[in-house]
Amino acid sequence: MKRSGRRASVLLASSLAVALIAVACTPGGPPLAGFTVSPKSVSVHHQEDWDAGDEPYVIQLGFRSKLGVKNSTSTSFSSQCYSGKLPAADAAPNGTTLEFPSGAADINLGEVQPLDVGDLALSTAPFEIIGTLSFVMERDGVFPEGCAVSDLLNSALSGTVRDALELLIARSDTPPSTEDLINLIVSHITDFLQAAAGLIGAVIEGLGDPDDIVGIAAQIYLPTTGALTDLIKAGLSIGGLFAPGLDQGFIPIDGLPQNLAIKVGPLERTRSYYRFTSDAADYTFVNEIR
């Protein structure tokens, strides 16, 4: 990672640490909540194909890992190709917004325990790093029933991401204190994103299937509540004054491919918008947490 990327991560960590002034916890530990990450839509500003329209679809990889809890890491994989909900031929010409069918490529995160500052201080429950990698695809497959890119990404990434998270997060031997927790989280995220970016690049270079990856949205969700959520948002907002985009959760890292966007923030029911623009295509992808 180049200097500006490191500066953004340090800035985020420092801003949150300075803002750490309130302590709150939930007696007996906070309640569990269920979350699902669903691709919502793609707007095609400039289509990739030269025919009547594009055929956008989505592949998603989900992951979660608890800090300091060995063997707590898991990954899940979902594809619109596997669910049999691919778009019709020429479904999205220029100027079209294509809504994805319900359940097209959902990642069910299952039950999550959002933590407040006091929950961390009293160790009522381990903190968990949760996220998704969303691959926005354009369907050019010669074989209508083929899911070669989905198969490749599943086999190449699922196990590797799981092993990396197990090492970086679940097997961390650094017990987080209230004061250094945010620094520890940002450090893990930074290490993971560097590894993921290189791995994704290697996979893209080796693709032989005609389906194309238009963009990749990497989302890191921090399951928080109360004061801790406020602190994270405050840190992102302060950081945005010095690193444009950080206030919206987008992490500025030099040298990333133009079709890879990285976002970090609290796990909450919301929508995220990603603009992927290249010489080949121009899409806006919307992902929803519900």
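Everything numeric here is computed off the predicted structure, so don't read it as measured data.

1. Topic: the overall build of the protein
On a plain count of helices and strands, the protein comes out with five helices and 10 strands. Sequence-distant contacts in the protein: of pairs separated by 6 or more residues, those separated by 24 or more amount to 79%. Only carbon and sulfur atoms are counted for the fraction: they give 54% of the accessible area of the protein, which is about 12700 Å².

2. Description of the pattern of salt bridges
Counted according to the given criterion, the structure contains five salt bridges. The partner of Arg171 in a salt bridge is Glu166, and the shortest N-O contact between them spans 3.0 Å. Residue classification places Arg171 among the partly exposed positions, given a relative accessible area of 38%. Glu166 gets classed as buried once you look at its relative accessible area, which sits at 11%.

3. Concerning the state of the cysteines
A covalent bond between the sulfur atoms of two cysteines is referred to as a disulfide. Applying the stated criterion across every chain, the model contains one disulfide. Disulfide partner of Cys81: Cys147, at an S-S distance of 2.0 Å. On the sign convention where negative is left-handed, the bridge of Cys81 and Cys147, at about -85° about the S-S bond, is left-handed. Placement of the pair is Cys81 in the loop between strand S3 (74–79) and strand S4 (96–99) and Cys147 in the loop between strand S6 (128–138) and helix H3 (148–170), with a sequence separation of 66 residues. With respect to class, Cys81 is no different from Cys147; both count as buried.

4. What about the packing of aromatic side chains?
Think of a pair of aromatic rings as described by two things: how far the centres are apart, and how the planes are tilted against each other in angle. Tallying each qualifying case throughout the model produces three aromatic pairs. Clustering of aromatic rings is evident, with ring pairs tying together Tyr274, Phe276 and Phe285. The ring centre of Phe35 lies 4.3 Å from the NZ or CZ of Arg269, which sits over that ring.

5. Structural notes on the environment of Ala89
Within the element layout of this structure, Ala89 appears in the loop between S3 and S4. For Ala89, a relative accessible area of 67% translates into the label exposed. In this structure, the C-alpha to C-alpha distance between Ala89 and Glu55, residues 34 residues apart in sequence, is 6.2 Å.

6. Concerning the sheet that holds strand S8 (residues 260–266)
Taking strand neighbours across the sheet as the criterion, the five strands line up as S3-S2-S6-S7-S8 in an open arrangement whose pairing is mixed. Because the sheet does not close on itself, it has two edges, and the strands there are S3 and S8. The sheet shows a mean angle of 15° between the axes of neighbouring strands, taken without regard to direction. Against the sheet, H3 contacts strand S2 (56–66), S3 and S6, and its axis sits at roughly 20° relative to S2.

7. Focus: the nonpolar core
Generally speaking, a soluble globular protein has its nonpolar side chains buried in company with each other. Of all hydrophobic cores here, the largest spans 31 residues; its most connected members are Ile59, Phe127, Phe135, Met137 and Leu153. Looking at this core, the elements with two or more residues in it are S2, S6, H3, strand S7 (212–222) and S8. For this core, the element with the most residues is H3, which contributes six residues. For Ile59, the contacting residues outside a window of four places in its chain are Phe77, Ser78, Ser79, Leu133, Ser134, Phe135, Met137, Val149, Ser150 and Leu153. Val58, Ala92, Phe100 and Val136 belong to the second largest nonpolar core, which has 16 residues in total.

8. Some words on the side chain of Thr132
Following the sequence through the fold, Thr132 ends up in strand S6. Side chain to side chain, Thr132 and Tyr221 meet in a polar contact 2.8 Å long. Discounting residues that sit within four places of it in the chain, Thr132 has contacts with Val37, Gln60, Leu61, Gly62, Phe63, Ile107, Ala217, Ala218, Gln219 and Tyr221.

9. Concerning the confidence of the model for the protein
Mean pLDDT for the protein: 76, with 64% of residues reaching 70 or above. Note on residues 175–182: pLDDT under 50 across the span, and 12 contacts to partners over four residues away in sequence or across chains. Every residue in residues 205–209 scores below 50 in pLDDT, and together they form four contacts with partners more than four places removed in sequence or on other chains.

10. Some details on unusual backbone geometry
With phi around 65°, Asn71 is a residue other than glycine that occupies positive phi space. Examined against the element boundaries, Asn71 turns out to sit in the loop between S2 and S3. Among the residues examined, Asn71 registers a relative accessible area of 62% and is labelled exposed.

11. Some words on the pairing of strand S9 (residues 271–277)
Burial of S9 is one-sided: the residues Ser272, Tyr274 and Phe276 facing one way are buried, the residues Arg271, Tyr273, Arg275 and Thr277 facing the other way are not. As defined by bridge partners, S9 adjoins strand S10 (residues 282–289) across seven bridges and the pair is classed as antiparallel. Counterpart to Arg275 in the pairing with S10 is Thr284.

About the cut-offs
- Residues numbered from 1 in each chain as written.
- Predicted model: local features only at pLDDT ≥ 70, side-chain atom pairs only at ≥ 80, totals over all residues.
- Heavy atoms only, no water.
- Helix = DSSP H or I, 4+ residues; strand = E, 2+ residues; numbered from the N terminus.
- Contact = heavy atoms within 4.5 Å.
- Areas by Shrake-Rupley, 256 points an atom, 1.4 Å probe, with all protein chains shown as cover.
- Salt bridge = Lys/Arg side-chain N within 4 Å of Asp/Glu carboxyl O.
- Buried < 20%, exposed > 50% of the residue type's maximum accessible area, 1.4 Å probe, protein only.
- Disulfide = S-S within 2.5 Å.
- Phe/Tyr/Trp six-rings, centres within 6.5 Å; stacked < 30°, edge-to-face > 60°.
- Lys NZ or Arg CZ within 6 Å of the ring centre and 35° of its normal.
- Pairing = 2+ DSSP bridges.
- Axes fitted to C-alpha atoms, helices over the stretch in contact; angles between N-to-C directions.
- Core = buried A, V, L, I, M, F, W, Y, C linked by side-chain atoms within 4.5 Å.
- Polar contact = N/O pair within 3.5 Å; in protein donor to acceptor, adjacent residues only side chain to side chain.
- pLDDT = per-residue confidence, 0-100.

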